[in-house]
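# Descriptive structure summary
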Amino acid sequence: MPKHELILLKNMMQPGYTGSLTDYEKTGGYQALRNTLGKIAPPDVTAMVRKSGLRGRGGAGFPTGVKWGFLPKDYQGPRYLCCNADESEPGTFKDRQLMERDPHQVLEGIVLACYAIGAETAYIYIRGEMVLGSKILEHAIDEARVAGYIGKNILGTGVNADVWVHRGAGAYICGEETALLESLEGKRGLPRVKPPFPATHGLYNKPTVVNNVETLANLPHIINRGPEWFAGIGSPPKSTGTRVFCVSGHVKRPGNYEVPMGMTVRELVYEHAGGMRSDKPMKAFIPGGASAPFLTPAHLDVKLDFEHVAAAGSMLGSGGVTVMEEGTSMVWAALRLMEFFYHESCGKCSPCREGSSWLVQTLRRILAKRGRMEDLETLSDLCKNIAGRTVCAFGDAAVAPIQSTLKHWRQEYVDLINEAEAANLIMPGQVGIGR
Amino acid sequence: MWSWESVIDEAYDQDIPVLAARARSDEAESWRRGAGGCNRRARSMRAVWNILAIRLDKGMCGGTVLKDKYGKEIEEILSRYPVKRSALIPLLYLAQRDHGYVTESAMQEIAHLLRLTPPQVYETITFYTMFNLKPMGKFHIQVCKSLMCALVGSDTVIEWIKMKLGIAPGESTADGLFSLSVVECLAACGTGPMMQINDDYYEQLTEDKLDRILADLRSTGTSPLKSGPFMWPEPVPSGRGA
Ligand SMILES: Cc1cc2nc3c(=O)[nH]c(=O)nc-3n(C[C@H](O)[C@H](O)[C@H](O)COP(=O)(O)O)c2cc1C
Ligand code: SF4
Ligand code: FES
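Residues numbered from 1 in each chain as written. Chains lettered and ligands numbered in written order. Predicted model: local features only at pLDDT ≥ 70, side-chain atom pairs only at ≥ 80, totals over all residues. Heavy atoms only, no water.

## What about the site of ligand 1?
Residue and element names in this part refer to chain A. The line we're drawing: We call a residue near a molecule or strand when any one of its heavy atoms sits within 4 Å of it. Whenever two N or O atoms come within 3.5 Å, that pair is a polar contact, provided that in protein one can donate a hydrogen and the other can accept it, and provided that, for residues adjacent in sequence, both atoms are side-chain atoms. In short, Shrake-Rupley with a 1.4 Å probe defines the accessible areas, and a residue's cover is counted only from the protein chains shown. What counts as a helix is a DSSP run of H or I of at least four residues, what counts as a strand is a run of E of at least two, and both are numbered from the N terminus.
Every one of the 19 residues lining ligand 1 counts as a neighbour, but Gly58, Lys67, Asn84, Asn212 and Thr215 are closest to it. Within the contact set of ligand 1, an oxygen atom lies 3.4 Å away from a backbone nitrogen or oxygen of serine 88. Between an oxygen atom of ligand 1 and a main-chain N or O atom of valine 210, the distance comes to 3.5 Å. When ligand 1 is considered free in solution it has 610 Å² of accessible area, and contact with the protein chains removes 90% of it. Top element by residues in the shell around ligand 1 is strand β5 (residues 208–212). It accounts for three residues.

This is the structure in structure tokens:
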């Protein structure tokens, strides 16, 4: 049993909890909505969220209350809320659990956010592959609509908020907020050039907020227990609350662990996830999904909050912690991630579109022991020419695996190129299934 | 209420003023994106191109197969969005559900329903990976090969399926039962190696489990080994989570 209090996963950890409306109401569900709608003015809700220090759980970590504050105050037309449930970042599988196990927690957060920003329509953009998740959400929305928590004149307060599930169709880039909006408009998911930002020119050119599932799921708790309570958890003042970390890779007990922000990687991996799966020591880990640069065991005592992970040269990102044991080829690992980015580049800008293909080819050549020393120079050159020169942050993410492996494990590239030792490196795919 | 949508709608039905309406809506669109400096020629070329496509479409609007069959469902989908085009992906899913893949005539019909040009539908459908443009096997197996799954053996899963079914990724078995694809991360990284077959996830795969799943699908069309609502580790100690 964890020593700290669970917030988001608390309900679903109760044996027999089904996530139905009755179950959710029994645990105090929709109380925040009852106590807020018509009782607290929308700007005060935003102020509460700002005070709680809640920051986006989707990747960028932008303060949620501040983001809401960017919406034009005097705008008369419709506004929209989009719940980002695209969850396609390799290494991340928390939103799936939050939606499939406790959908009403997410829905309550969505309606609260709609109220705070004055939106009457919310779309949950869920990745297309999660058919089960979208069915569960749709069922939950129907339940909530019948009970009067969603729809017109919610709980008789005159507040309207309609929620729709919109399935994506298999494109990682649609997790990027402006690509998500394009996709929701029925177009290809090509990120927009910013500014203008979604806060003023979002869905259908209307003021729009895009928030991650986990971000929204925190809202009912902030309202119920007060922003001061929330701001006291984790590592205040900048990283408050808990994070649901998704641990994957070579550990004994992979899975979702909700812990206060600021816990060390060592504690998360060795105490919660049970440590390494075999007697091989850890070689590398990623602290925040595929877009975050690799770190080494020297960083095991880095605190998992936005500032400390950034100071260590990586990012907290989506909270996907992937652990690799000694014997894993880092060139191979970088190639696997690079192939992902190559496959998912939307193609809007040339550095990302062409560069990712070039990077994959070069890495493949090195791994096939046909590389040349100049290739290392080419790799870093390409990375430098992609990062920071693209329409969206995908470009920076795509070069992270290569830049960080070149930094920490350059010798492996050199060795492969020298055709030395490399034959001893194990590529996990070749040694059978299982942990 | 007045909107570009309704202008295009009207123009579409009357055929003649379409050129003007399209051109103006394109103009409006690039302005609203804040793309003041964008290439004007490219913009007008696109407008003209769209008109040509609309005119072409007038002659072959793909019939009313979907509308006749799913009229109510289509109405319901359209009612969720203030702008018709947003219904494009949901309608493509509907067409795919109907036929196993999205046919040329379905694309034309959807284009017509949403007042779009066939190229607008085509550019969208080809951007996303979940739409099939050709017939697929009854069971579409998609194995995740991204890093986290690869660390715990997804390559062996792929080899195993290839061996059992005698097909490579991108192929279907001769009996039309199975198609195999290798895909990127499906948000089940902690319970890898994993695959998706049609709508269902199968996680923590082993050779033995794979054999059972394939046998189940062959005999009953479904398998009890598919995942339910996701939670890992499970709250009550059991299995590997113990
Ligand atoms: C390439 C790329 C992919 C992204 N994918 C996701 C995603 O799958 N889910 C998500 O919530 N945010 C994703 N984001 C972050 C979103 O752009 C956005 O910052 C986030 O949804 C905002 O919500 P938040 O403030 O609640 O975090 C992605 C960003 C980029 C650049
Ligand atoms: S950086 Fe890559 S993914 Fe982002 S807009 Fe450019 S091409 Fe598309
Ligand atoms: S890496 Fe396979 S599901 Fe994420």
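## Describing the packing of aromatic side chains
Definition in use: Side-chain rings of Phe, Tyr and Trp (the six-membered ring for Trp) are treated as a pair once their centres are within 6.5 Å; stacked means planes under 30 degrees apart, edge-to-face means over 60, and tilted covers the remaining angles. Categorising residues by exposure relies on relative accessible area from a 1.4 Å probe, with only protein chains included: less than 20% of the type maximum marks a residue as buried, more than 50% marks it as exposed, and the intermediate range marks it as partly exposed. Two limits define a charge over a ring: the Lys NZ or Arg CZ must be within 6 Å of the ring centre, and within 35 degrees of the ring normal.
For the coordinates displayed, the defined rule picks out 17 aromatic pairs over all chains. Taken together, a centroid distance of 5.3 Å and an interplanar angle of 90 degrees make the contact between A:Tyr24 and A:Tyr30 edge-to-face. Classification of A:Tyr30 by relative accessible area gives buried; the value is 0%. With centroids separated by 5.5 Å and ring planes inclined at 35 degrees, the aromatic side chains of B:Phe139 and B:Phe178 adopt a geometry described as tilted. Pair noted here: B:Phe139 is in strand β1 (residues 139–144) and B:Phe178 is in strand β2 (residues 178–183), with a separation of 39 residues, a long-range link. Feature note: the residues A:Tyr80, A:Tyr123, A:Tyr204 and B:Tyr81 constitute an aromatic cluster, connected by ring pairs. The ring of A:Trp164 carries A:Arg145 above its face, with NZ or CZ at 4.9 Å from the centroid. Lying across the ring of B:Tyr93, A:Arg167 places its NZ or CZ 4.0 Å from the centre.

## Things to note about the side chain of A:Glu214
Convention followed: The contact criterion used throughout is that any non-hydrogen atoms of two residues lie within 4.5 Å.
Among the secondary structure elements, A:Glu214 is positioned in helix α10 (residues 213–217). What A:Glu214 contacts, discounting residues up to four positions off in sequence, is A:Leu8, A:Arg57, A:Lys94, A:Asp95, A:Leu98, A:Thr242, A:Arg243 and A:Val244.

## Considering the interface of chain A and chain B
What counts here: Reported buried area values correspond to the accessible surface (1.4 Å probe) lost by two parts on association, with both partners' losses combined. Only one rule defines a salt bridge in this text: a Lys or Arg side-chain nitrogen within 4 Å of an Asp or Glu carboxyl oxygen. Under the scheme applied here, ten amino acids are nonpolar (Ala, Val, Leu, Ile, Met, Phe, Trp, Tyr, Cys and Pro), four are charged (Asp, Glu, Lys and Arg), and all others, including Gly, are polar.
Counting from both sides, the interface comprises 80 residues of chain A and, opposite them, 61 residues of chain B. The contact between chain A and chain B buries some 5800 Å² in all, and 59% of this surface belongs to carbon and sulfur atoms. Applying the counting criterion to the chain A and chain B interface returns four salt bridges. The closest approach of N and O atoms between B:Glu123 and A:Arg188, which form a salt bridge, is 3.6 Å. Seen at the junction of chain A and chain B, the total is 26 residue pairs in polar contact (both at pLDDT 80 or more). With eight residues, the single largest contributor to the side of chain A that touches chain B is helix α15 (residues 330–344) of chain A. In the side of chain A that touches chain B, the residues fall into 35 nonpolar, 24 polar and 21 charged.

## So, the pattern of salt bridges
Enumeration over the complete set of coordinates arrives at 39 salt bridges over all chains. A:Asp162 serves as the salt-bridge partner of A:Lys152, at 3.8 Å between the closest nitrogen and oxygen. Taken together, the residues A:Lys152 in strand β3 (residues 151–154) and A:Asp162 in strand β4 (residues 159–167) connect sequence positions ten residues apart. Taken together, the shared-partner salt bridges connect A:Arg336, A:Glu339, A:Arg364, B:Lys145, B:Asp155 and B:Glu184 into one network.

## Examining the environment of A:Leu406
Residues and elements named next belong to chain A. Take leucine 406: it is sitting in helix α18 (residues 394–408). Among the residues examined, leucine 406 registers a relative accessible area of 7% and is labelled buried. Spatially, the C-alpha atoms of leucine 406 and leucine 379 are 8.9 Å apart, while their sequence positions differ by 27 residues. Not counting the four nearest positions on each side in its chain, leucine 406 is found in contact with Leu376, Leu379, Ser380 and Tyr413.

## Let's talk about the sheet that holds strand β2 (residues 121–126) of chain A
Residue and element names in this part refer to chain A. So the rule is basically this: For two strands to pair, DSSP has to find at least two bridges joining them. To define axes, lines are fitted to C-alpha atoms, for helices over the stretch in contact only, and angles between the resulting N-to-C directions are given on a 0 to 180 degree scale.
Within the open sheet, the five strands sit side by side as β3-β4-β2-β1-β5. Their pairing is mixed. Each end of this open sheet is capped by a strand with a single partner; those strands are β3 and β5. The mean inter-strand angle of the sheet, taken between neighbouring strand axes irrespective of direction, is 25 degrees. In this sheet, β5 lies alongside strand β1 (residues 80–85) in parallel orientation, the contact comprising five bridges. In the sheet register, leucine 81 faces β5, and the bridge partner there is valine 209.

## Re the pairing of β1(B)
Residues and elements named next belong to chain B. Taken across its six residues, β1 has six buried, putting it largely inside the fold. Burial along β1 is two-sided: the face carrying Phe139, Ile141 and Val143 and the face carrying His140, Gln142 and Cys144 are both buried. Bridge count between β1 and β2: six bridges; the pairing is parallel. Following the sheet pairing, phenylalanine 139 is matched in β2 by phenylalanine 178. With three bridges joining them, β1 and strand β3 (residues 195–197) adopt antiparallel strand pairing. When the bridges of β3 are listed, valine 143 appears paired with methionine 195.

## A short note on the pairing of strand β11 (residues 320–325) of chain A
Residues and elements named next belong to chain A. Taken across its six residues, β11 has six buried, putting it largely inside the fold. Summarising the sheet, strand β8 (residues 242–249) and β11 pair through four bridges and their orientation is parallel. Residue pairing for β11: serine 248 is matched across the bridge by threonine 322. Summarising the sheet, strand β10 (residues 282–286) and β11 pair through four bridges and their orientation is antiparallel. Among the inter-strand pairings, phenylalanine 285 is bridged to a residue of β11, identified as valine 323.

## Re the sheet that holds β10(A)
All names here are of chain A. The sheet built from four strands is open, its strands ordered β9-β8-β11-β10 with mixed pairing. Unpaired on one side and paired on the other, β9 (255–260) and β10 mark the two borders of the sheet. Strand-to-strand twist of the sheet, defined as the mean angle between neighbouring strand axes without regard to direction, takes the value 30 degrees. Of the strand pairs in this sheet, β8 and β9 are connected by six bridges, and their pairing is antiparallel. Bridging from a neighbouring strand, valine 247 pairs with glycine 255 of β9.

## Here we look at helix α17 (residues 373–386) of chain A
All names here are of chain A. The criterion, for reference: The directions from the helix axis to the C-beta atoms are what the arc is built from.
Those residues of α17 that fall on the buried side of the exposure criterion are Asp375, Leu376, Leu379, Ser380, Leu382, Cys383 and Ile386. For α17, the angular spread of the buried residues around the axis is 160 degrees, confining them to a single face. On its buried face, α17 is in contact with α16 (350–367), α18 and α19 (410–417). Once α17 finishes, glycine 388 follows within two positions and takes phi at roughly 75 degrees, a positive value.

## Some points on the confidence of the model for chain B
Residue and element names in this part refer to chain B. Going by this rule: The quantity called pLDDT is the predictor's confidence in a given residue, expressed from 0 to 100.
Averaged over all residues, the pLDDT of chain B equals 83, while 71% of them reach at least 70. Low pLDDT, under 50, characterises residues 238–242; the predicted model gives this stretch eleven contacts beyond four residues in sequence or across chains. Interface confidence in the predicted complex, given as ipTM, is 0.94; pTM for the same model is 0.91.

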